[in-house]
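Letter by letter, the chains look like this.
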Amino acid sequence: MSEKAGDKLGFWSIVLLAINAIIGSGIFLTPGSVVQQAGSKALVVYLIAAIFAAILAISFATASKYVTKSGAAYAYSKAAFGKKIGFYMGVLRYFSASVAWGVMAVGVIKSTISIFGGNPNKAINVTIGFLILMAIITVINLFGQKVVKYVMNLATIGKLAALVLIIIAGVVLLITTGASSNLGQVDQLTQNGQKIVPTLTTTTFVMAIVSAFYAFTGFESVASGSEDMKNPEKNLPRAIPLAILIIAVVYIGVVAVAMVLNPRALMTTKQVVAIAAIFNNEILRDVILVGALVSMFGINVASSFNAPRILEAMAREGQMSQALTKRTKNNFPIRTFFISVGLAILIPMAFEYNMVNLITLSAMVRFLGFIVVPLAVIQFYRGKAKEDILKANKSVMTDVIVPILSVVIVIFLLVEYNWKAQFGVVNAAGQVIGVNWYAIAMIVFGFVLLPLIMAWISRRERK
């Protein structure tokens, strides 16, 4: 179906989409845990995490100048390594994106329930809120790309405004109150006679980097809908790194203000939106809470744009049923959207909204994509692609050196990743006391069973 050029995402809409896809709940909910791990070195940790993310983002952006088909990691791996690896990566990436959407939907509902004084652990409350949220997102998508674009742009501007407000309000408070807190004192704070920040070791420093790095992930999904963008081969390589730069400046500013203004509250608060705890002013807190909700809602809308287009891309390439390429008159991929909604609803419900188990697969597939895509870029540079690709300006720096750095970084993060905690049952003291069979079942289903099922469906379709 043809579409008007004006309905496609332009450069600044792509930048905003990338910011929206990356800034979710992390910076509002989790900076306290990073500060608690790294203490006064937290700002350095965020800077290193931003550099890691930027290097990986450049690899994804570089791939987009050779392949502009929708699907991101799926499209790149298929073009570089052939149909089988492409199909496997496509299935994994699609499943991961749908599950991640479900995780973020659960996150926004639980946060909303907590903020308004409800019980976020009561399944019926979460289920009702979950279904209402999905219905709202479906209605937004049914109105077509133009409405989705406006909602995503407004959500992105809203969340950036909330984060900038934190920085400005914090600086004003520091100037007017003459607060004496400084970054060096963070390491000395105590609670119940114990230091809040443990003695920094190489391991805890690396784990803090891994924690901060997750606040920058999401850039890998931006190119999933590249066919709905203007000049993606030119705009994506410029838009994604620019978005990372903007986000890094905002994140470091927010964390710096929080650490100087009220580091104790940041690290010890029981509030859902941890960053709001640094302020005593209720109006400021409420504005930040609203900003956090807008942020989480925006990333849900971004997920509803990205996830269906991965499955649709596989159908366009003849690896899934052609019926999945159907779009409405508003250019909305209706069939892949409702399949994605189904996965995003049913899997979190099946796992009783357990966020840790649900995040496991999404994180694992991201790491796999972070290795495959840089290797694909090197294949494109060497002229060894399995499919025809676009003629692009080649650069040793962006097409070879940066991808190699990307693979080294991912291997480093994988080696330092806390696998025991991920696949174990952890008690209040942080000790692993059992095996998390739910998480293991999730990995087996996502990495083995689902690809086999979808391969069988695809083979039947072709026959």
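Cut-offs applied
Residues numbered from 1 in each chain as written. Predicted model: local features only at pLDDT ≥ 70, side-chain atom pairs only at ≥ 80, totals over all residues. Heavy atoms only, no water. Helix = DSSP H or I, 4+ residues; strand = E, 2+ residues; numbered from the N terminus. Rg over C-alpha atoms; globule rule 2.2 N^0.38 Å. Buried < 20%, exposed > 50% of the residue type's maximum accessible area, 1.4 Å probe, protein only. Contact = heavy atoms within 4.5 Å. Lys, Arg positive; Asp, Glu negative; His and termini not counted. Charge placed at Lys NZ, Arg CZ, Asp CG, Glu CD. Core = buried A, V, L, I, M, F, W, Y, C linked by side-chain atoms within 4.5 Å. Phe/Tyr/Trp six-rings, centres within 6.5 Å; stacked < 30°, edge-to-face > 60°. Lys NZ or Arg CZ within 6 Å of the ring centre and 35° of its normal. Expected span 1.5 Å × (residues − 1). Bend = angle between axes of the 7 residues up to and from the residue. Polar contact = N/O pair within 3.5 Å; in protein donor to acceptor, adjacent residues only side chain to side chain. Patch = residues over 30% accessible without salt bridge, like charges linked within 9 Å, V, L, I, M, F, W, Y side chains within 5 Å. Areas by Shrake-Rupley, 256 points an atom, 1.4 Å probe, with all protein chains shown as cover. Salt bridge = Lys/Arg side-chain N within 4 Å of Asp/Glu carboxyl O. Axes fitted to C-alpha atoms, helices over the stretch in contact; angles between N-to-C directions. Parallel < 35°, antiparallel > 145°, perpendicular 65-115°, else oblique. Left-handed = near helix turned anticlockwise from the far one by under 90°. Nonpolar A, V, L, I, M, F, W, Y, C, P; charged D, E, K, R; others polar.

In the annotation of an unreviewed UniProt entry, the protein chain is listed under the name APC family permease and assigned to Lactobacillus crispatus.

> Explain the overall build of the protein chain here, please?
A count of helical and extended segments in the protein chain gives 17 helices and four strands. What you see for the protein chain is a C-alpha radius of gyration of 22 Å, in line with the 23 Å of a compact globule of 463 residues. In terms of principal-axis extent, the alpha carbons of the protein chain reach across some 70 × 50 × 50 Å. Residues counted as buried form 54% of the 463 residues belonging to the protein chain. Intrachain contacts of the protein chain at a sequence separation of at least 6 include 79% that bridge at least 24 residues. Positive and negative charge centroids in the protein chain, built from 38 and 17 side chains respectively, lie 3 Å apart.

> Is there a simple way to explain the nonpolar core in this structure?
When a protein is soluble and globular, its nonpolar side chains tend to lie buried together. In this structure, Tyr76 and Phe219 are the most contacted members of the largest nonpolar core, which totals 142 residues. Ignoring any residue separated from it by four or fewer positions in sequence, one finds Phe219 in contact with Ile22, Ala53, Leu56, Ala57, Phe60, Ile240, Ile244 and Phe370.

> Honestly, the packing of aromatic side chains in this entry has me stumped. Any pointers?
Any aromatic ring pair is given by two values, namely how distant the centres are and how the planes are angled relative to each other. Under the defined criterion, the tally for this structure stands at 13 aromatic pairs. Ring geometry for Phe11 and Trp12: centres 5.0 Å apart, planes at 80 degrees, overall edge-to-face. Judged by centre distance (6.1 Å) and plane angle (80 degrees), the rings of Phe213 and Phe370 are edge-to-face. Placement of the pair is Phe213 in helix H9 (residues 202-213) and Phe370 in helix H14 (residues 355-382), with a sequence separation of 157 residues. For the pair Phe213 and Phe370, a shared accessibility class is recorded, and that class is buried. Aromatic rings pair up to connect Phe60, Phe213, Phe219 and Phe370 into one cluster. Against the face of Phe305 rests Arg309, its NZ or CZ located 3.9 Å from the ring centre.

> Hey, could you run me through helix H12 (residues 282-316) in this one?
The periodicity of an α-helix, 3.6 residues per turn, causes residues three or four places apart in sequence to face the same way. Counted at 1.5 Å a residue, the expected span for H12 with its 35 residues is 51 Å, and the 51 Å between its end C-alpha atoms agrees. Of all the bends found along H12, the most pronounced is centred on Ile310 and spans about 25 degrees. Across the 35 residues of H12, 26 count as buried, placing the element largely inside the fold. For H12, the side-chain oxygen to backbone nitrogen distance between the N-cap and Ile283 is 2.9 Å, and the N-cap itself is Asn281. In the stretch just after H12, Gly318 is the one whose phi turns positive, near 80 degrees.

> Would you mind showing me how to read a positive patch on the surface here?
Judged by side-chain charge, Lys83, Lys84, Arg459 and Arg462 come together as a positively charged surface patch. At the level of elements, helix H6 (83-115) and helix H17 (437-462) are the ones that each hand at least two residues to the positive patch. Along the chain, the position of Lys83 falls in helix H6.

> Can you walk me through the packing of H12 against helix H13 (residues 334-350) in this structure?
The relative placement of two packed helices is expressed as an angle between their axes plus a distance between the axes. Here H12 crosses H13 at 115 degrees, and the two axes come no closer than 8 Å. Comparing the axis directions of H12 and H13 gives the class roughly perpendicular. Of the two possible hands of crossing, H12 and H13 adopt the one that is right-handed. Residue-level contacts link Ser304, Ala307, Pro308, Leu311 and Glu312 of H12 to Thr336, Phe337, Ile339 and Ser340 of H13.

> I tried to follow the packing of helix H1 (residues 11-22) against helix H8 (residues 145-177) on my own but got confused; where do I start?
The contact between H1 and H8 brings their axes to 9 Å, and the two run at 60 degrees. Accordingly, the angle class assigned to the pair H1 and H8 is oblique. Remark: the crossing between H1 and H8 carries left-handed chirality. Where H1 approaches H8, its residues Ser13, Leu16, Leu17, Ile19 and Asn20 are matched on the opposing element by Lys149, Met152, Asn153, Ala155, Thr156, Lys159 and Leu160. Of the residues in the contact of H1 with H8, the class split is six nonpolar, four polar and two charged.

> Would you mind showing me how to read H6 here?
Look at H6: 47 Å from first C-alpha to last across 33 residues, which is about the 48 Å you get at 1.5 Å a residue. With 24 of 33 residues buried, H6 lies mostly within the body of the structure. With its phi angle positive at about 85 degrees, Gly117 sits one or two positions after the end of H6.

> Can you help me understand the pattern of salt bridges in this one?
A side chain with one charge may pair with a side chain of the opposite charge, provided their charged atoms come close. One pass over the full model with this rule turns up six salt bridges. Between Lys78 and Glu317 there is a salt bridge whose closest N-O contact spans 2.7 Å. Here the residue Lys78 occupies a position in helix H5 (residues 73-81), and Glu317 occupies one in the loop between H12 and H13, the gap between them amounting to 239 residues. One salt-bridge network, in which partners are shared between bridges, spans Lys69, Lys78, Glu317 and Glu387.

> Even after reading the chapter, I still don't get the side chain of Thr336, so can you show me in this structure?
Looking at the secondary structure, you find Thr336 in helix H13. Look past the residues within four positions of Thr336 in its chain and what remains in contact with it is Tyr94, Pro308, Leu311, Glu312 and Leu324.

> For this particular structure, what's the right way to read the environment of Thr217?
With respect to the element layout, Thr217 can be found in the loop between H9 and helix H10 (232-261). Counting along the chain gives 200 residues from Thr217 to Leu17, while the straight-line C-alpha distance between them is 13 Å. Apart from the residues lying within four places of it in its own chain, the contact partners of Thr217 are Ala21, Ile22, Arg366 and Phe370.

> Explain a nonpolar patch on the surface to me, please; I cannot follow it from the model alone.
A contiguous nonpolar patch, built from Val444, Phe445, Val448, Leu449, Leu452, Ile453, Trp456 and Ile457 and spanning about 710 Å² of accessible area, is present on the exposed surface. Its location among the elements puts Ile453 in helix H17. The exposure class of Ile453 is partly exposed, given its relative accessible area of 41%.

> Help me understand the environment of Lys326 in this model?
Structurally, Lys326 can be placed in the loop between H12 and H13. Accessibility expressed as a relative area gives 44% for Lys326, which makes it partly exposed. Sequence spacing of Lys326 and Ser33 is 293 residues, and the spatial spacing of their C-alpha atoms is 44 Å. Not counting the four nearest positions on each side in its chain, Lys326 is found in contact with Phe332, Pro333, Ile334 and Arg335.

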